[in-house]
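For reference, the chains in residue letters:
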Amino acid sequence: MLEVQVRRKQGNFTMDAAFSAEESGITALFGPSGAGKTSIVNMVAGLTRPDEGRIVMNGRCLFDSARGINEPPEKRRVGYIFQDARLFPHLSVRANLAYGMRLLPKSERYVDFEPVVQLLGIEQLLDRRPARLSGGEKQRVAIGRALLCSPSLLLMDEPLASLDDSRKSEILPFIRRLCVEFSTPIMYVSHIMEEIERLAHHLVFLENGRVVASGRFDELKTMLRGMP
């Protein structure tokens, strides 16, 4: 379970949001551009500090302004997948995948290399460099690298935004299977309803930095479809 209650002022924009994300499945942060979706995932990841509030993951406090707690990103055990893959260009796919995993003690790993490679269908890519990969292949490798860090939570910030429709259709089934195969909860950011319909178990709908609705997707989808 992830509990988020944060407030942050960014210029003329004020983020003031509170919600809970389930400990399993895919929780979608959905809303128009500029609603504050990326701001929230950056606060959960520890890349941005809220002005005030609390962030608690599985009973562990990551941030609490009142108590002076602010765990650094590397200690939060959160995997972050960006819009662009951000692979190391000088390393092979195999080395990119293993980069974060090697920094983690074996006793703390719950995800193994081979099952991830097989699930993502990237066995034939292991000896290539990123420059020889398609956009969809790069994102699959980025997903694998984040998962191999054995995270408590995967954050995906519009990971398909730079891909065309055929590449999106290629990646979506892999994302859907991740939380099932590896029991890793995912927070998925998007403003595209088609992606949310295919992926989300739970939904947090944001507008102007505030939570408009939060709950199971199948209970909220009728409301969302009726919105302009």
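Here the structure is shown first, and the text comes after it.
Residues numbered from 1 in each chain as written. Predicted model: local features only at pLDDT ≥ 70, side-chain atom pairs only at ≥ 80, totals over all residues. Heavy atoms only, no water.

## A closer look at the overall build of the protein
Okay, step 1: Secondary structure summary: the protein contains seven helices and 11 strands in total.
Okay, step 2: At 17 Å, the protein has a C-alpha radius of gyration in line with the 17 Å of a compact globule built from 228 residues.
Okay, step 3: Along the first, second and third principal axes, the C-alpha set of the protein runs to 45 × 40 × 30 Å.
Okay, step 4: Relative to its 228 residues, the protein shows a buried fraction of 50%.
Okay, step 5: In the protein, once contacts between residues fewer than 6 apart in sequence are set aside, the share between residues at least 24 apart is 67%. (Helix = DSSP H or I, 4+ residues; strand = E, 2+ residues; numbered from the N terminus. Rg over C-alpha atoms; globule rule 2.2 N^0.38 Å. Buried < 20%, exposed > 50% of the residue type's maximum accessible area, 1.4 Å probe, protein only. Contact = heavy atoms within 4.5 Å.)

## Considerations on the environment of Ala21
Okay, step 1: Relative to the helices and strands, Ala21 is located in strand β2 (residues 13-21).
Okay, step 2: Judged by its relative accessible area of 5%, Ala21 falls in the buried class.
Okay, step 3: Sequence separation between Ala21 and Met1 is 20 residues, and the spatial gap between their C-alpha atoms is 5.8 Å.
Okay, step 4: The residues contacting Ala21, other than those within four sequence positions of it, are Met1, Leu2, Thr27 and Met187.

## Details of the nonpolar core
Okay, step 1: By size, the foremost hydrophobic cluster in this structure holds 48 residues, and its most contacted members are Leu97, Met156, Ile175, Leu178, Ile186, Tyr188 and Ile196.
Okay, step 2: Here the element with the most residues in this core is helix α5 (residues 165-181); it accounts for six residues.
Okay, step 3: Here Ile175 is in contact with Ile26, Ile143, Met156, Pro159, Leu160, Ile186, Tyr188 and Leu199, once residues within four sequence places are set aside.
Okay, step 4: Judged by nonpolar contacts, the second largest core, of 26 residues, contains Phe19, Ala21, Met187 and Val189. (Core = buried A, V, L, I, M, F, W, Y, C linked by side-chain atoms within 4.5 Å.)

## Here we look at the packing of aromatic side chains
Okay, step 1: In this structure the tally under the stated criterion is three aromatic pairs.
Okay, step 2: Summarising the aromatic geometry, the rings of Tyr80 and Phe82 are spaced 4.1 Å apart at their centres and angled 5 degrees between planes, so their arrangement reads as stacked.
Okay, step 3: Overall, Tyr80 belongs to the buried group, its relative accessible area being 15%.
Okay, step 4: According to the relative accessible area criterion, Phe82 is partly exposed, its value standing at 22%.
Okay, step 5: Seen from their ring centres, Phe88 and Tyr99 are 4.7 Å apart, and the 50 degrees between their planes marks the pair as tilted. (Phe/Tyr/Trp six-rings, centres within 6.5 Å; stacked < 30°, edge-to-face > 60°.)

## Side note on the pairing of strand β9 (residues 186-190)
The side chains of a regular strand alternate, first on one face of the sheet and then on the other.
Okay, step 1: With five of five residues buried, β9 is to be regarded as a mostly interior element.
Okay, step 2: The alternating pattern of β9 places Ile186, Tyr188 and Ser190 and Met187 and Val189 on opposite faces, both of which are buried.
Okay, step 3: As paired elements, strand β8 (residues 153-157) and β9 share four bridges and run parallel to each other. Among the inter-strand pairings, Leu154 is bridged to a residue of β9, identified as Ile186. (Pairing = 2+ DSSP bridges.)

## Concerning the environment of Pro105
Okay, step 1: Considering the arrangement of structural elements, one finds Pro105 in the loop between α2 (93-102) and α3 (113-120).
Okay, step 2: We classify Pro105 as partly exposed; its relative accessible area is 40%.
Okay, step 3: Measuring from C-alpha to C-alpha, the distance between Pro105 and Glu71 comes to 19 Å, with 34 residues separating the pair along the chain.

## Examining the sheet that holds β8
Okay, step 1: Taken together, the six strands give an open sheet; going across it, the order is β7-β8-β9-β3-β10-β11, and neighbouring strands pair in mixed fashion. In the strand order of this sheet, the two ends are held by β7 (78-81) and β11 (210-216), each with one partner. Across the sheet, the mean angle from the axis of one strand to that of its neighbour is 15 degrees, orientation sign disregarded.
Okay, step 2: Relative to β8, β7 runs parallel, the two sharing four bridges. Paired with Gly79 across the bridge in β8 is Leu154.
Okay, step 3: Helix α4 (residues 135-147) rests against β7 and β8 of the sheet, and its axis sits at about 170 degrees to β7.
Okay, step 4: Against the sheet, α5 touches β3 (26-30), β8 and β9, its axis set at about 150 degrees to β9. (Axes fitted to C-alpha atoms, helices over the stretch in contact; angles between N-to-C directions.)

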